[in-house]
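# Coordinate inspection notes
Below are the chains, spelled out letter by letter.
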Amino acid sequence: MSDVTLQLDDVCQHFKQGSDVVRILNNASLSLQKGEVTALIGPSGAGKTTLLNIAGLLENPASGRVMIKGHDVAQLSVRKKARLRRQHIGFVFQTHRLLPEFSAVENIMVPQMINGLNKFEAQKRAMQLLAMIDLDDRATHRPGQLSGGEQQRVAIARAVANAPTILLADEPTGNLDPQTGQSVFETLQKIIKGTGASALIVTHNHALARQMDHIYALEAGRVTEGAA
């Protein structure tokens, strides 16, 4: 059985600007392997966020193929794509986007309960994840009572609360100092290795990228595999 969780084949994306066509992605291809953390680097404006949106089924490519666990998603309805996204894909953003009125454990419970899990089981899973990232003693703290690094670690735990196959992260350490960013990245690595998911992480931090299993570079709309 293949360990490829996500595969993009010859993905193209463009938009019209007046009479001109601006090409964002040009036959971009990459794949993620189960249990591995992959970096996506490239200059600002290269299309990294667009690629993440397509990989996360938030945006349709102009052409090319998106495969999740070996299944081509092109012909799926909007509703089926939403269900697939909810069941198999987790997102981490540069800003944590935690709900300020809820505690750490409650923030991790919310997506599970939306997905149909009862309150008891959701709380049990949330506490397990907090223990995994060494924040179980901060479970009842609201985001405003947590440091920036702690908030982002809770956001990562929330993103994997429903045991996604794929985790997509857009500059998850971009707003953090280097030491805190390294700590958050190590948390992310620990969760990916512990759950068997796969992760694609957009980063400008080449030192972090070199710690990942694979590195893809996006420039001029094309993806190449290589060192940071």
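Reference entry: report on the structure contained in this document.

Cut-offs applied
Residues numbered from 1 in each chain as written. Predicted model: local features only at pLDDT ≥ 70, side-chain atom pairs only at ≥ 80, totals over all residues. Heavy atoms only, no water. Core = buried A, V, L, I, M, F, W, Y, C linked by side-chain atoms within 4.5 Å. Buried < 20%, exposed > 50% of the residue type's maximum accessible area, 1.4 Å probe, protein only. Helix = DSSP H or I, 4+ residues; strand = E, 2+ residues; numbered from the N terminus. Contact = heavy atoms within 4.5 Å. Axes fitted to C-alpha atoms, helices over the stretch in contact; angles between N-to-C directions. Parallel < 35°, antiparallel > 145°, perpendicular 65-115°, else oblique. Left-handed = near helix turned anticlockwise from the far one by under 90°. Pairing = 2+ DSSP bridges. Arc of directions from axis to C-beta. Salt bridge = Lys/Arg side-chain N within 4 Å of Asp/Glu carboxyl O.

Among the nonpolar cores identified, the biggest contains 39 residues, and I108, L130, V154, L167 and I201 are the most heavily contacted of them. Mapped by element, the contributors of at least two residues to this core are strand 3 (37-41), helix 3 (104-114), helix 4 (119-132), helix 5 (148-159), strand 7 (166-170), helix 6 (178-195), strand 8 (198-202) and helix 7 (206-209). The contacts of I108, once residues within four sequence positions are left out, are A126, L129, L130, V154, A157, R158 and A161. Within the second largest apolar cluster, 27 residues are counted, among which are L6, L40, I68 and V73.

What follows is about the packing of helix 3 against helix 5. Where helix 3 meets helix 5, the axes come as close as 8 Å, and the angle between the chain directions of the two elements is 25 degrees. By the angle class used here, helix 3 and helix 5 are roughly parallel. Here helix 3 and helix 5 pass one another in a crossing that is right-handed. On helix 5, the residues that touch A104, N107, I108 and P111 of helix 3 are V154, A157 and R158.

Before going further, it helps to spend a moment on the side chain of Q13. Inspection of the secondary structure puts Q13 in strand 1 (residues 4-17). Q13 gets classed as buried once you look at its relative accessible area, which sits at 9%.

Turning our attention to unusual backbone geometry. Within the chain, D10 stands out as a residue other than glycine whose phi angle is a positive 50 degrees. With respect to the secondary-structure elements, D10 resides in strand 1. Despite not being glycine, D134 has its phi angle at roughly 60 degrees, a positive value. Topologically, D134 is positioned in the loop between helix 4 and helix 5. D134 gets classed as exposed once you look at its relative accessible area, which sits at 53%.

It is worth spelling out the sheet that holds strand 9 (residues 214-219) at this point. Strand order in the open sheet formed by 6 strands is 6-7-8-3-9-10, with mixed pairing between adjacent strands. Each of the sheet's edge strands pairs with one partner strand only, and the pair in question is strand 6 (89-92) and strand 10 (222-225). Going from strand to strand, the sheet's axes swing by 20 degrees on average, the running direction of each strand aside. Across 4 bridges, the pairing between strand 3 and strand 8 is parallel. Bridged to V37 within strand 8 is A199.

Quick look at helix 2 (residues 78-88) now. Buried within helix 2 are the following residues: K81, L84 and H88. Looking down the long axis of helix 2, one finds its buried residues gathered within 60 degrees of arc, a one-sided arrangement. Turned more than 90 degrees from where helix 2 packs its buried face, V78 and R79 sit exposed.

Residues spaced three or four apart along an α-helix point in a common direction, a consequence of the helix completing one turn every 3.6 residues. Counting buried positions along helix 1 (residues 48-55) yields 6 of 8 residues, so the element is predominantly enclosed. Regarding helix 1, the residues found buried are K48, T50, L51, L52, I54 and A55. Immediately downstream of helix 1, the backbone of L57 shows phi near 60 degrees, a positive value.

Moving on, we come to the pattern of salt bridges. This model, assessed by the stated rule, comprises 3 salt bridges. Here D9 and R65 are joined by a salt bridge, their closest N and O atoms 2.8 Å apart. Remark: R65 occurs in strand 4 (residues 63-68) and D9 occurs in strand 1; sequence separation between them is 56 residues. Given the relative accessible area of 18%, D9 is considered buried. In this structure R65 comes out as partly exposed when scored by relative accessible area, which is 35%. The salt bridge partner of D213 is K193, with a shortest N-O separation of 3.0 Å.

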